[in-house]
Amino acid sequence: MSTPTQTSSRDLMASIRRVFSSRDSHMTLILILAIVVATILIPRFSQPRTLTFLTLDVTATLLMALPMTLVMINADIDLSVASTAGLVSASFGVLVQSGVGFWASIAICLFIGLACGLVNAFMTAYVGLPALAVTIGTLALYRGLALVVIGDQSISDFPEWATSAVTGSFGSTGIPYMAIPVILFVILFWLLLHKTPYGRGLFALGYSKQAAEFVGIDTKRSRVIALTLSGLMAALAGIYWTLRYSAAKADNVEG
């Protein structure tokens, strides 16, 4: 007969095996291995400046990827995020140049991103068109609107304190200020996906829409929230991109 101590040890070992057998663990180990190899083989890779630029370079992509996780889990897709970010970037530059307050401009741009996400959500969840077709169309539409808003000009007249806040880092550590809000967003989206009924419902929706509806999940509402969050976070990425490079252009975030 097993003692309580032996049972606890077996449970602990089983939990450890489950953790290390997951895809997330495998990807984390691959990432750590890549960092170690790069540190050994690439000169100056381990310098703080490398950490700064790597973090700043991936921040915009990460901001758009967080809600995209929700969208893809429920079996949708949003191909328009870069165009939404480009439209927001163009609008942000024009608003600031026109004398609109900095924070008011940010609020308007977030509303633009929210509206872009709502258009995708309405056409997908309520009209019934495939998300792939809808967001291919809005990909072109939002990029075209960006060109209408700003034309072929580039605007770089942004407050110095704002660009410094986006590109600066904590002393000689190489850790950018932007790492703090990015980590907070990662935690928030992790909690939303794994610790709320809404997030758990997305997995059910992704497996089977009919089964999700059968157990009482509002599938339309779930899809609308995910696609709207995608537009909102794309707007944040557009604002960040604009301040990161101190330039608002119609082709920002393209590709």
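Before reading further, recall that the structure is shown in the block above.
About the thresholds
- Each chain carries its own residue numbering, running from 1 in the written order of its sequence.
- Local features in a predicted model are, by the rule used here, given only for residues with pLDDT of at least 70; side-chain atom pairs are given and counted only at 80 or more, and totals for whole chains, interfaces and linings are based on all residues.
- Hydrogens and waters are ignored; side-chain quantities use all the structure's heavy atoms.
- A run of H or I in DSSP becomes a helix once it reaches four residues, and a run of E becomes a strand once it reaches two; helices and strands are each numbered from the N terminus.
- Buried residues are those whose accessible area, probed at 1.4 Å on protein chains only, stays under 20% of the maximum for their type, while exposed residues exceed 50% and partly exposed ones sit between those limits.
- By the convention used here, residues are in contact when the closest approach between their heavy atoms is within 4.5 Å.
- Here the positive residues are Lys and Arg and the negative ones are Asp and Glu; neither His nor the chain ends is included.
- By convention, the charge on Lys lies at NZ, on Arg at CZ, on Asp at CG and on Glu at CD.
- Stacked, edge-to-face and tilted labels apply to pairs of Phe, Tyr and Trp rings (six-membered ring for Trp) whose centres lie within 6.5 Å, assigned for plane angles under 30 degrees, over 60, and everything in between, in that order.
- Patch construction takes residues with relative accessible area above 30% that form no salt bridge. Like charges are linked within 9 Å, and nonpolar side chains (Val, Leu, Ile, Met, Phe, Trp, Tyr) are linked within 5 Å.
- Each accessible area value is a Shrake-Rupley result obtained with a 1.4 Å probe; residue values ignore everything except the protein chains displayed when judging cover.
- Salt bridges are identified by distance alone: a Lys or Arg side-chain nitrogen within 4 Å of an Asp or Glu carboxyl oxygen.
- Throughout, nonpolar core names a set of buried Ala, Val, Leu, Ile, Met, Phe, Trp, Tyr and Cys residues whose side chains join them through atoms within 4.5 Å.
- Cysteine sulfurs are considered disulfide-paired once they come within 2.5 Å of each other.
- Axis angles are defined between N-to-C directions and span 0 to 180 degrees, where every axis is a line fitted to C-alpha atoms and, for a helix, only to the segment in contact.
- The hand of a helix crossing depends on one turn: near helix anticlockwise from the far one by less than a right angle means left-handed, and clockwise means right-handed.
- Each residue gets one of three labels, nonpolar for Ala, Val, Leu, Ile, Met, Phe, Trp, Tyr, Cys and Pro, charged for Asp, Glu, Lys and Arg, and polar for the others, Gly among them.
- Here the word oblique covers every angle except those under 35 degrees (roughly parallel), over 145 (roughly antiparallel) and from 65 to 115 (roughly perpendicular).

Caption draft 1: Structural view of the overall build of the protein chain. In terms of helices and strands, the protein chain carries eleven helices and zero strands. Here the C-alpha coordinates of the protein chain stretch approximately 80 × 55 × 30 Å along the principal axes. Evaluated residue by residue, the protein chain yields a buried proportion of 38% over its 255 residues. Partitioning the contacts of the protein chain with sequence separation of at least 6, the portion at a separation of at least 24 is 75%. Positive and negative side-chain charges of the protein chain, numbering 15 and 12 respectively, have mean locations separated by a distance of 12 Å.

Caption draft 2: Here's a closer look at the environment of Phe45. Along the chain, the position of Phe45 falls in the loop between α2 (23-41) and α3 (48-73). We classify Phe45 as partly exposed; its relative accessible area is 22%. C-alpha separation for the pair Phe45 and Thr219, spaced 174 residues apart in sequence, amounts to 46 Å. Ignoring anything within four residues of it in the chain, the contact list for Phe45 reads Ile35, Ala38, Thr39, Thr50 and Leu54.

Caption draft 3: Focus on the packing of aromatic side chains. What the rule picks out here adds up to eight aromatic pairs. Residues Phe122 and Tyr126 carry aromatic rings whose centres are separated by 6.2 Å and whose planes lie at 25° to one another, so their mutual orientation is stacked. Of the two residues, Phe122 and Tyr126 are both situated in helix α5 (residues 102-126); the distance of four residues between them amounts to about one turn of the helix. A network of ring pairs unites the aromatic residues Phe92, Phe102, Trp103, Phe158 and Trp161 as a single cluster.

Caption draft 4: Seen up close, a nonpolar patch on the surface. Together, Leu51, Phe170, Ile175, Tyr177, Ile180, Ile183, Leu184, Ile187, Leu188, Trp190 and Leu191 make up a nonpolar patch on the protein surface, roughly 1000 Å² of accessible area in all. The dominant element in the nonpolar patch, judged by the number of residues it contributes, is helix α8 (residues 179-194), at seven residues. Tracing the backbone shows Ile175 in the loop between α7 (160-167) and α8.

Caption draft 5: Summary view of the environment of Gly144. Turning to its location among the elements, Gly144 is positioned in helix α6 (residues 131-150). Between the C-alpha atoms of Gly144 and Ser83, which are 61 residues apart in sequence, the distance is 8.6 Å.

Caption draft 6: Highlighting the nonpolar core. Counting residues in hydrophobic clusters, the biggest one holds 48 residues, and the most contacted among them are Met64, Phe92, Phe158, Ile239, Tyr240 and Leu243. Elements with a contribution of two residues or more to this core: α3, α4 (81-97), α5, α6, α7, α8, α9 (197-207) and α11 (219-245). If you tally residues by element for this core, the top one is α11, at ten residues.

Caption draft 7: Spotlight on the state of the cysteines. For the structure shown, the criterion picks out zero disulfides. No disulfide involves Cys109; its sulfur sits 11 Å from that of Cys116, the nearest cysteine.

Caption draft 8: View of the packing of α5 against α11. The interhelical angle for the contact between α5 and α11, taken along N-to-C directions, is 145°, at an axis separation of 7 Å. For α5 against α11, the interelement crossing comes out right-handed. Split by residue class, the contact of α5 with α11 holds 16 nonpolar, six polar and two charged.

Caption draft 9: Examining the side chain of Ser222 more closely. Residue position: Ser222 is located in helix α11. Once residues lying within four places of it in the same chain are set aside, the contact partners of Ser222 are Asn74, Tyr198, Leu202, Leu205 and Ile217.

Caption draft 10: Geometry of unusual backbone geometry. In this model, Arg44 sits at a positive phi of 65°, which is unusual for a non-glycine residue. Along the polypeptide, Arg44 turns up in the loop between α2 and α3. On the basis of relative accessibility, which here comes to 59%, the residue Arg44 falls in the exposed class. Unlike most non-glycine residues, Ser246 shows phi in positive territory, near 50°. The topology assignment puts Ser246 in the segment after α11.

Caption draft 11: Fine view of the packing of α9 against α11. Where α9 meets α11, the axes come as close as 10 Å, and the angle between the chain directions of the two elements is 110°. Looking at the two axes, α9 sits roughly perpendicular to α11. Counting all contacts with α9, which are made through Tyr198, Leu202 and Leu205, the residues of α11 involved are Thr219, Ser222, Arg223, Ile225 and Ala226. Grouping the constituent residues of the contact of α9 with α11 by class yields five nonpolar, two polar and one charged.

Caption draft 12: Molecular detail of the pattern of salt bridges. Across all of its chains, the model carries two salt bridges by this definition. A salt bridge links Arg223 to Asp76; the nearest nitrogen and oxygen atoms lie 2.9 Å apart. Of the two residues, Arg223 sits in helix α11 while Asp76 sits in the loop between α3 and α4, which places them 147 residues apart along the sequence. Each of the two residues, Arg223 as well as Asp76, counts as buried.

Interpretation in functional terms is not warranted from these geometric data alone.
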